[in-house]
Structures are given as C-alpha cells and as structure tokens.
Amino acid sequence: MELAYYSDFAVRLVNSEEPLRGTDTLTSVETVRELFGAGAQAARRATDTDVTRLRSVRARLRGVFEAAAEHDEVRAVDLLNALLMEFPVSPQISGHEFRDDDGRPKWHMHIADHAASASASYTATACMGLAVHLTEYGVDRLGICQAAPCRNAYLDTSTNRSRRYCSDRCATRANVAAYRARKRLESRAAEAAGTARTGLSAEPSQDSSAPAER
C-alpha cells in the first residue's frame, strides 16, 4: 500500500463537517470508527475523547486545504508540517499479505501503529498520507469545492489540474446555477434594450416640412 493512499484519511476527516450547512457527522465513537474503515485495529481503541481531539485536528487540516486553494503554498506546508511534528509516524516495510506471480512478497511502505490513542493514530496516518500526496503531486492538487454552499475538501487527480469541485454532483449543480444566472442577465439586458427602444419611439418627432414659427 503506497503512503499517498492515506491522503484520503485527511479528506474524509475534513468532510465530516460542512460548516456553511451547519452539519457535523463526527459526533460519536461509532463515527470515529467509520472514519478508519472496516477492519482497522486502531479504531477499536476509540473513545469519546477521540471525538473531541479529531474535531480539533479537522479544523487544522481544513486550514491546509483552504491555504492550498488560495494558492498560499508556504502556509499550507507550514500548517501540515506543524501537524506532522505533533503527530509523528513510524514507517515500516510490509508486504507479506501481497504476493507476486512467483509468490514473492510485494514490499511496500506501511505506517506502523504505535500511537497512544485512536485519534493520534488517525491523525498521524492522515497527515503523512497528505504530505506524501502534496510533495509528489503538488500543493495545487489540494482544493476546496467551489460549489457554494459546499466547502468539501478534495484531491485533484485530473490530468490537467483543472478540478474545481468535490464531486460530479457539485459540478453539475454549479454549472446549472451559472447557466441560470447567465439567462437572467440576458433576460434583463433584453428587457432594458426593449425599454430603450420603446422610449425612443415615443418621443415626438419634429416635422422639418412644417413652417417655422415667426
């Protein structure tokens, strides 16, 4: 498993809250365990304290994505580095669970779980994955959805670095909203032009053939 894979941990945590909609799904031990995914051993250690801790980390990770979306690369890196220093990881080589055609292990880097709590384990994993993704693909691959009121984080995997939305649903919604806004402007412009023409035609015209007043 490549370390960049873990960057999705950061996205899942950030998107557990939608600030502009006032929604938050990170409310219980069960939702903490769901963030880890099925079968994760660290999730079994989750307690109510981890809910509060992960909410704090979530705000800091959102700051990383927002700085990247605002093209403030230095700030994004500084914020992520602060988290990496606070939540260090222990990498190790793994591969016994994956075999090639000859039955030999497919060695790869893994993150060992030596954290004292479930929240520390999740944070270390998420930050390391995001750091690997950032350094491998660039800071501009981290974004915040531009379809208001959605402010979900996303990782841009497009070939031309053109992604602006977290999902196809948001992209469609934004395109429809832009189309309707365009139509409203066109309608108003047409109404204004029609009003102007009507006003001009209503003005009295001076007959040049009429005798001039003396």
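Data block above holds the structure.
Presented here is an overview of the structure given in this document. (Residues numbered from 1 in each chain as written. Predicted model: local features only at pLDDT ≥ 70, side-chain atom pairs only at ≥ 80, totals over all residues. Heavy atoms only, no water.)

1. Concerning the overall build of the protein chain
Step number 1: Secondary structure assignment for the protein chain yields six helices and six strands.
Step number 2: When the helices and strands of the protein chain are placed in sequence order, the string is α-β-β-α-α-α-β-β-α-β-β-α.
Step number 3: Counting over 214 residues, the protein chain shows a buried share of 36%.
Step number 4: Once local pairs closer than 6 in sequence are excluded, the contacts in the protein chain between residues at least 24 apart make up 53%.
Step number 5: Per element, the accessible surface of the protein chain, about 13,500 Å² overall, is 51% carbon and sulfur. (Helix = DSSP H or I, 4+ residues; strand = E, 2+ residues; numbered from the N terminus. Buried < 20%, exposed > 50% of the residue type's maximum accessible area, 1.4 Å probe, protein only. Contact = heavy atoms within 4.5 Å. Areas by Shrake-Rupley, 256 points an atom, 1.4 Å probe, with all protein chains shown as cover.)

2. Looking at the nonpolar core
Step number 1: Of all hydrophobic cores here, the largest spans 44 residues; its most connected members are Leu13, Leu61, Phe65, Tyr122, Leu130 and Leu142.
Step number 2: Of all the secondary-structure elements, those providing two or more residues to this core are helix 1 (7–14), helix 2 (29–36), helix 3 (48–69), helix 4 (73–86), helix 5 (118–137), strand 5 (142–144) and strand 6 (153–155).
Step number 3: A total of 10 residues in this core trace back to one element, the largest contributor, which is helix 5.
Step number 4: Not counting residues up to four positions away in its chain, the partners in contact with leucine 13 are Leu26, Leu35, Leu54, Val57, Arg58, Leu61 and Tyr122. (Core = buried A, V, L, I, M, F, W, Y, C linked by side-chain atoms within 4.5 Å.)

3. Remarks on unusual backbone geometry
Step number 1: A cis amide bond, omega 5°, links alanine 148 with the succeeding residue proline 149.
Step number 2: Examined against the element boundaries, proline 149 turns out to sit in the loop between strand 5 and strand 6.
Step number 3: For histidine 71, which is not glycine, the phi torsion reads 65° and is therefore positive.
Step number 4: Overall, histidine 71 belongs to the exposed group, its relative accessible area being 67%.
Step number 5: Backbone geometry places arginine 161, a non-glycine residue, at a positive phi of 55°.
Step number 6: Here arginine 161 shows up in the loop between strand 6 and helix 6 (168–202).
Step number 7: Arginine 161 sits in the partly exposed class, given a relative accessible area of 41%.

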